[in-house]
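# Report on the structure
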Amino acid sequence: MAVPVRVRFAPSPTGKVHAGNIHTAIFDYLLARHTGGTFILRIEDTDVERKEAGAVEHMMEALKWLGLDWDEGPGVGGPYAPYFQSQRLPLYKEAAEKLVAQGNAYYCYCSSERLEAMRKEQEARKQPSGYDRLCRNLTAEERTAKQAQGIKTVIRFKVPLEGQTRFHDLIYGDVVFDHKNIDDFVMLKSDGYPTYHLANVVDDTAMKITHVIRGEEWISSTPRHLLMYQAFGYTPPQYIHMPMIVGANRAKLSKRRGAISILEYRDMGYLPEALFNFLVLIGWSLDDKTEIMTRQQMIENFSLERMGRTAAAFNQEKLDWMNGVYIRNLTVADLTNSVLPFLEKYLPPEVKRPLDVNYIRQIVPLLRERINTLKDAAAYADFFFVDKLEYEATMLIGKKMTAETALTVLKGSEEKLSSLKSFNRDLLEDTLRHLADDLGLKAGQLFNVLRVATTARDAAPPLFETMEVLGKERCLERIKVAISKLSNN
RNA sequence: GCCCCCAUCGUCUAGUGGCCUAGGACAGCGGCCUUUCAAGCCGUAAACAUGGAUUCGAAUUCCGUUGGGGGCACCA
């Protein structure tokens with residue numbers, strides 16, 4: 001087993017957590033569990049403007065739903081608390097000021113208007129964009145004058161004008177950036193909050209993070225972080241940038257381009273184990289064929305060497321299939337529990353609530369092989385619950401059938417079935433096959449009529465099992481309704 | 001515009017110089033099973049972006065091209 005690792009999942013509470021976010025959380029979790037290390041949750045709530053109420057709770061709920069239990073962080077505490085950056089402000093201020101004192105950073109008095117104008121001009125002239133370093137070399141007098149005016153300030157990092165920073169990413173390998181392409185970025189904002197860059201370096205150091213796992217979009221900021229580590233005299237962590245999950249258009253997942261929140265997958269009836277398994281397979285593989293794995297297998301076999309580098313699209317059709325596999329592997333008792341809330345929610349309103357769990361337990365085996373999501377169950381099995389079936393009489397008349405023969409089938413069935421003392425699948429099959437013989441019909445022809453009569457659809461679970469669950473009384477009643485439907489035509 | 005990353009079937013991927021006439025999975029198509037629908041099983045179609053170089057030999061190494069993506073905020 002590898003050296004125990006300390007990793008953190010550090011979301012910013014600016015919206016609902018989507019597959020991309022959770023994808024990195026999963027790999028944090030896997031690496032931590034694989035090495036017997038520590039998985040930390042840290043909330044990066046340093047953007048006062050974009051902060052959203054309830055986002056932290058939403059995120060924690062999503063993590064819990066997927067079984068991504070964290071060892072340190074909100075709710076569980078830990079030796080490096082607090083785990084909300086908004087509660088650690090003095091640390092960042094102190095750190096930033098330290099770099100100013102050391103000569104690695106400086107106060108900047110530029111207004112946002114000036115910066116915006118500067119950027120516009122750079123863009124117009126097709127110049128590389130970035131801060132022009134106006135305040136980098138202010139004299140002591142100039143600084144005093146600005147301060148006297150009470151101008152709001154930020155602290156910027158003084159990026160070396162020459163040289164380069166290189167690092168070895170555990171997935172992407174060696175990456176090099178020239179300092180001349182990096183501008184003097186803001187570390188501390190004028191509202192006293194740190195930027196991501198500063199807060200990350202300070203907290204990852206304070207929390208003894210050994211491996212930083214984050215999306216590939218962060219690669220180009222990594223040199224800034226490394227430069228800060230150097231200025232502070234801290235040892236940087238290992239970097240593991242992960243390939244991104246992209247949308248159907250191959251672009252980065254974003255809320256406004258329809259990224260689905262993780263909890264929506266729960267509400268659509270996906271099982272957490274299935275979604276977890278599916279997400280793990282994006283960017284990682286166990287071998288050339290294994291796809292369905294237990295959590296334990298994934299943890300035991302996890303290895304960074306088997307991670308890919310290419311952005312991947314989220315293929316919901318495959319998720320559907322995988323979810324179906326997981327559903328079929330569930331016991332009747334477990335699937336009953338899982339599907340119950342979905343039936344409660346999506347069955348037609350006229351169906352009496354609460355539902356009878358014992359009845360559902362009888363239905364579940366008939367459903368299990370036929371649904372891919374828990375939500376599918378309600379639409380698929382509604383005929384087990386409603387009193388009145390809605391369908392056109394013509395549905396009763398199958399191919400190569402006439403209304404007359406359908407009617408004969410129904411009447412014959414009514415007669416035979418009403419005299420049955422027990423209503424179980426074997427007896428039903430036996431009885432109805434004989435009836436078909438007697439009527440000179442193929443068994444399938446007869447079954448099709450009864451299927452429609454009892455379920456109002458031509459694709460349904462096996463007929464006799466269905467009829468057994470529905471019970472004698474309801475079946476006969478439905479057959480009578482079918483007879484009258486045909487007679488009225 | 002500048003910087004960085006990536007590039008195998010439609011999609012997720014295996015592949016780390018010869019085992020590749022490129023393997024698996026989803027979706028597609030065909031068939032078997034079968035009372036319908038599923039599930040299951042069998043089969044089929046489908047890819048190494050491109051040009052060079054290295055090598056006895058390249059999907060695998062190197063360079064260029066093309067394409068895609070990401071970054072360039074007092075957002076993360």
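Since the structure is predicted, the reported quantities are computational estimates derived from the model, not experimental observations.

The next subject is the overall build of chain A. Within chain A, the regular secondary structure consists of 19 helices and 11 strands. Principal axes of the C-alpha set define a box for chain A whose edges measure 110 × 50 × 40 Å. Taking all 489 residues of chain A together, the buried fraction comes to 49%. In chain A, the proportion of contacts linking residues at least 24 apart, taken out of those at least 6 apart, comes to 76%. Surface accessibility of chain A: about 23900 Å² in total, with carbon and sulfur atoms responsible for 50%. Counting 64 positive and 64 negative side-chain charges, chain A places the centres of these two groups 3 Å from one another.

Taken together, 67 residues surround RNA strand B, and among them Asp47, Arg250, Glu291, Glu369 and Arg451 come closest. With respect to RNA strand B, the side chain of Glu44 contributes an N or O atom lying 3.3 Å from a sugar or linking oxygen. Between Arg156 and RNA strand B, the recorded distance is 3.4 Å, taken from a side-chain N or O atom to a phosphate oxygen. Looking at the surface near RNA strand B, the elements that each hand over two or more residues are helix 4 (112-124), strand 4 (154-157), strand 6 (173-178), strand 11 (312-313), helix 11 (316-328), helix 17 (443-455) and helix 18 (463-470). At 4 residues, helix 11 tops the list of elements feeding residues into the surface near RNA strand B. A breakdown of the residues in the surface near RNA strand B according to their chemical character gives 29 nonpolar, 13 polar and 25 charged.

Take the packing of aromatic side chains next. For the structure on display, the rule yields 15 aromatic pairs. Between the aromatic rings of Tyr29 and Phe39, the centroid separation amounts to 6.2 Å while the plane-to-plane angle is 85°, which identifies the pairing as edge-to-face. Of this pair, Tyr29 sits in helix 1 (residues 19-35) while Phe39 sits in strand 2 (residues 38-41), and the two are 10 residues apart along the sequence. Summarising the burial analysis for this pair, Tyr29 and Phe39 share the class buried. Ring geometry for Phe447 against Phe464: centres 5.0 Å apart, planes inclined by 85°, an arrangement best described as edge-to-face. Of this pair, Phe447 sits in helix 17 while Phe464 sits in helix 18, placing them 17 residues apart in sequence. The same class applies to Phe447 and to Phe464, which are both buried. Connected via pairs of aromatic rings, a cluster forms that spans Tyr265, Tyr270, Phe278 and Phe314. Above the plane of the ring of Tyr131 lies Arg156, whose end atom (NZ or CZ) is 3.7 Å from the centre.

In this section: the layout of surface pockets. As a volume, the second largest pocket reaches approximately 410 Å³. If you go around the second largest pocket, you meet 20 residues; those closest to its centre are Val351, Asp382, Phe385, Val386 and Asp387. Considered class by class, the residues forming the lining of the second largest pocket number 10 nonpolar, 1 polar and 9 charged.

Looking now at the sheet that holds strand 7 (residues 186-188). Pairing within the open sheet is antiparallel, and its 3 strands lie in the order 3-4-7. Each edge of the open sheet carries a strand with a single partner, namely strand 3 (105-108) and strand 7. Shown here is a sheet whose adjacent strand axes are inclined to one another by a mean of 45°, direction ignored. Most of the contacts of helix 3 (residues 89-102) go to strand 3, to which it runs at about 105°, and overall it touches strand 3, strand 4 and strand 7.

To continue, consider the nonpolar core. Among soluble globular proteins, nonpolar side chains are generally buried collectively. Counting residues in each nonpolar core, the largest one holds 117 residues, and the members touching the most others are Leu30, Leu68, Ile262, Phe314, Phe384 and Phe385. Residue contributions to this core peak at 9 residues, all from helix 1. Those residues within four positions of Ile262 in sequence are excluded, and the remaining contacts are Val17, His18, Ala19, Ile22, Ala62, Trp65, Leu66 and Leu275. Listed in part, the 31 residues of the second largest apolar core include Val159, Val201, Ile209 and Leu226.

In terms of burial, helix 18 is largely enclosed, as 6 of its 8 residues are buried. If you check which residues of helix 18 are buried, you get Leu463, Phe464, Thr466, Met467, Val469 and Leu470. Of the surrounding secondary structure, the elements contacted by the buried residues of helix 18 are helix 13 (357-367), helix 15 (403-418), helix 16 (425-439), helix 17 and helix 19 (472-487). Trailing helix 18 by a residue or two, Gly471 shows a phi angle of about 95°, which is positive.

Turning our attention to the pairing of strand 2. Across the two faces of strand 2 the burial is the same, with Thr38 and Ile40 and Phe39 and Leu41 all buried. Running through helix 1, the crossover from strand 1 (residues 6-9) to the neighbouring parallel element strand 2 is right-handed.

In this structure, Lys399 sits in the loop between helix 14 (376-381) and helix 15. Once the C-alpha coordinates of Lys399 and Gln445 are considered, the two residues, 46 residues apart in sequence, prove to be 8.4 Å apart.

What follows deals with the packing of helix 15 against helix 17. Geometrically, a packed helix pair is captured by the angle between its two axes and the distance between the axes. Two numbers describe how helix 15 lies on helix 17: the axes approach to 10 Å, and their chain directions differ by 75°. When the axis of helix 15 is compared with that of helix 17, the two are roughly perpendicular. Taking contact as the criterion, the partners of Ala406, Val409, Leu410 and Ser413 in helix 15 are, on helix 17, Leu446, Val449, Leu450 and Ala453. Class assignment for the residues of the contact of helix 15 with helix 17 results in 7 nonpolar, 1 polar and no charged.

What follows concerns the packing of helix 17 against helix 19. At a minimum axis separation of 8 Å, helix 17 and helix 19 run at an interaxial angle of 105°. By the angle between their axes, helix 17 is roughly perpendicular relative to helix 19. Residues Leu450, Ala453 and Thr454 of helix 17 pack against Cys475, Arg478, Ile479 and Ala482 of helix 19. Looking at the contact of helix 17 with helix 19 residue by residue, the classes come out as 5 nonpolar, 1 polar and 1 charged.

This part is about helix 4. Three- or four-residue spacings in an α-helix give side chains the same orientation, since the helix completes a turn every 3.6 residues. In a regular helix each residue adds 1.5 Å, so 13 residues correspond to 18 Å; helix 4 covers 18 Å between its end C-alpha atoms and thus fits that length. On its buried face, helix 4 is in contact with strand 4. Directly after helix 4, the chain includes Lys126, whose backbone phi takes a positive value near 55°.

About the criteria used
- Residues numbered from 1 in each chain as written.
- Chains lettered and ligands numbered in written order.
- Predicted model: local features only at pLDDT ≥ 70, side-chain atom pairs only at ≥ 80, totals over all residues.
- Heavy atoms only, no water.
- Helix = DSSP H or I, 4+ residues; strand = E, 2+ residues; numbered from the N terminus.
- Buried < 20%, exposed > 50% of the residue type's maximum accessible area, 1.4 Å probe, protein only.
- Contact = heavy atoms within 4.5 Å.
- Areas by Shrake-Rupley, 256 points an atom, 1.4 Å probe, with all protein chains shown as cover.
- Lys, Arg positive; Asp, Glu negative; His and termini not counted.
- Charge placed at Lys NZ, Arg CZ, Asp CG, Glu CD.
- Near = heavy atom within 4 Å.
- Polar contact = N/O pair within 3.5 Å; in protein donor to acceptor, adjacent residues only side chain to side chain.
- Nonpolar A, V, L, I, M, F, W, Y, C, P; charged D, E, K, R; others polar.
- Phe/Tyr/Trp six-rings, centres within 6.5 Å; stacked < 30°, edge-to-face > 60°.
- Lys NZ or Arg CZ within 6 Å of the ring centre and 35° of its normal.
- 1 Å grid on protein atoms, 1.4 Å probe; cavity = no way out; pocket = protein on both sides within 12 Å on 5 of 7 lines; lining within 4 Å.
- Points joined across faces, edges and corners; volume = space filled by probe spheres on them.
- Pairing = 2+ DSSP bridges.
- Axes fitted to C-alpha atoms, helices over the stretch in contact; angles between N-to-C directions.
- Core = buried A, V, L, I, M, F, W, Y, C linked by side-chain atoms within 4.5 Å.
- Right-handed = clockwise from strand over helix to strand, strands pointing away.
- Parallel < 35°, antiparallel > 145°, perpendicular 65-115°, else oblique.
- Expected span 1.5 Å × (residues − 1).

Function-wise, these values are silent; they only describe arrangement.
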